[in-house]
Amino acid sequence: MKTVLLLNGPNLGILGDREPEIYGYDTLDDIAKFVSDEVADAGWQVVPVQDDHEGGLVQAVHAHRKSTIGAIVNPGALMMAGWSLRDALAAYPAPWIEVHLSNVWARERFRHESILAPLASGVVVGLGAFGYRLAARALLQLCGHE
């Protein structure tokens, strides 16, 4: 069975409670279910990983780099300073999509540049939890399963 890595960074474990006016009311469990629903018809499964520490995310990328067909990555604030996560994703051989719940370019200026985005197969921002669904659909297409 093919597997998708669903990687979520710092502070995303408290989605649903954390600033819902910005991030919405969906929890990370809800999002994992949305992604699972999108890829189920292809026979794919989802491995969700959330860690508030960059090292844990790096370990997850390395642990799943040969066993997953692709990844959906919401690095949270590590998009701006997660250099070791960037290096791990540079060595990740499958396509991956960067996702952000909020429109980072409509927010504070320090959020306007992602050090990860140039490595990603695509980026989805500002569409809330639905952005994860779109990322899952993009992975299906990128991996030859439409």
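Scroll up for the structure.
Worth saying up front: this structure is predicted, and the values here are computed from it rather than measured. (Residues numbered from 1 in each chain as written. Predicted model: local features only at pLDDT ≥ 70, side-chain atom pairs only at ≥ 80, totals over all residues. Heavy atoms only, no water.)

A. Summary view of the side chain of Thr3. Mapped onto the secondary structure, Thr3 falls in strand E1 (residues 3-8). Look at Thr3 and you get buried, because its relative accessible area is 8%. Side chain to side chain, Thr3 and Gln45 meet in a polar contact 3.3 Å long. (Helix = DSSP H or I, 4+ residues; strand = E, 2+ residues; numbered from the N terminus. Buried < 20%, exposed > 50% of the residue type's maximum accessible area, 1.4 Å probe, protein only. Polar contact = N/O pair within 3.5 Å; in protein donor to acceptor, adjacent residues only side chain to side chain.)

B. Geometry of the sheet that holds strand E2 (residues 45-50). Taken in spatial order, the five strands of this open sheet run E2-E1-E3-E4-E5, and their pairing is parallel. Every other strand in the sheet has two partners, leaving E2 and strand E5 (122-125) as the edge strands with one partner each. Across the sheet, the mean angle from the axis of one strand to that of its neighbour is 20°, orientation sign disregarded. The sheet contact formed by strand E4 (residues 96-100) and E5 spans four bridges and is parallel. Note on E5: the bridge partner recorded for Glu98 is Val123. Against the sheet, helix H2 (residues 28-40) touches E1, E2 and strand E3 (70-74), its axis set at about 155° to E2. The strands touched by helix H3 (residues 54-64) within the sheet are E1 and E2, with E1 carrying the most contacts at an inclination of about 175°. (Pairing = 2+ DSSP bridges. Axes fitted to C-alpha atoms, helices over the stretch in contact; angles between N-to-C directions. Contact = heavy atoms within 4.5 Å.)

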